[in-house]
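Structure assessment
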Amino acid sequence: MTEAGQNNSSALKTKLTFDDVVIKKIVGVVISDSDGILGLSGNLFTDFADRFRDNEDVTKGIGVEVGTKQVAVDVSVICKYDVAISDVFDVTVGKVKEAIKHMTGLELVEFNMNVDDVMTKEQYLEKYRGKDSEENKEDN
């Protein structure tokens, strides 16, 4: 649905396309709200405000291929320890597919998720938030 049909009476040609970053942002926001996923590899998100900070890139750890009607997505994540990762994957695929279809009309035809690590939330916060806090102190 990225290209609209022609209007025969006026011969108006139309076309709608999406930059890769648009799809990456949709995927990033959906995944950041997924229970069981602590973060994208190479990206930090632990609460709503952090996702939209100027120095935060919600697209890190996400690769996409965008066609005229279809999308393929690759993500690398850190999952929460002691969750059923296959269930988290299934739910995440459904949410990503729905969000992409709703917002762009494109069809998700491939979704690959690589789990780089598993951690408790406390371990994740200790490992990644500490680094983030130090970076913020250096910036000030």
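What counts and how
- Residues numbered from 1 in each chain as written.
- Predicted model: local features only at pLDDT ≥ 70, side-chain atom pairs only at ≥ 80, totals over all residues.
- Heavy atoms only, no water.
- Helix = DSSP H or I, 4+ residues; strand = E, 2+ residues; numbered from the N terminus.
- Buried < 20%, exposed > 50% of the residue type's maximum accessible area, 1.4 Å probe, protein only.
- Contact = heavy atoms within 4.5 Å.
- Phe/Tyr/Trp six-rings, centres within 6.5 Å; stacked < 30°, edge-to-face > 60°.
- Core = buried A, V, L, I, M, F, W, Y, C linked by side-chain atoms within 4.5 Å.
- Axes fitted to C-alpha atoms, helices over the stretch in contact; angles between N-to-C directions.
- Parallel < 35°, antiparallel > 145°, perpendicular 65-115°, else oblique.
- Left-handed = near helix turned anticlockwise from the far one by under 90°.

Brief notes about the environment of lysine 25
Relative to the assigned elements, lysine 25 resides in helix H1 (residues 20-32). We classify lysine 25 as partly exposed; its relative accessible area is 46%. Among all residues touching lysine 25, those that are not within four sequence positions of it are Val58 and Thr59.

Quick notes on the packing of aromatic side chains
As enumerated under the stated definition, the model contains one aromatic pair in all. Between phenylalanine 89 and phenylalanine 111 the ring centres are 5.9 Å apart and the planes differ by 50°, which places this aromatic pair in the tilted class. Here the residue phenylalanine 89 occupies a position in helix H2 (residues 85-104), and phenylalanine 111 occupies one in strand E4 (residues 107-119), the gap between them amounting to 22 residues. A residue is classified by how much of its surface remains accessible, and phenylalanine 111, at 10% relative accessible area, is buried.

Remarks on the nonpolar core
With 23 residues, the main nonpolar core has Val27, Ile31, Val73, Val75 and Ile100 as its most contacted residues. Those elements that provide at least two residues to this core are H1, strand E1 (37-40), strand E2 (62-66), strand E3 (70-80), H2 and E4. Discounting chain neighbours no more than four positions away, the residues touching valine 75 are Val27, Ile31, Leu40, Gly61, Ile62, Phe111, Asn112, Met113 and Asn114.

Re the packing of H1 against H2
In contact at an axis separation of 10 Å, H1 and H2 are set at 140° when each is read in the N-to-C sense. The angle between H1 and H2 falls in the class oblique. The chirality of how H1 crosses H2 is right-handed. On H2, the residues that touch Ile23, Ile26, Val27, Val30 and Ile31 of H1 are Thr92, Lys95, Val96, Ala99, Ile100, Met103 and Thr104.

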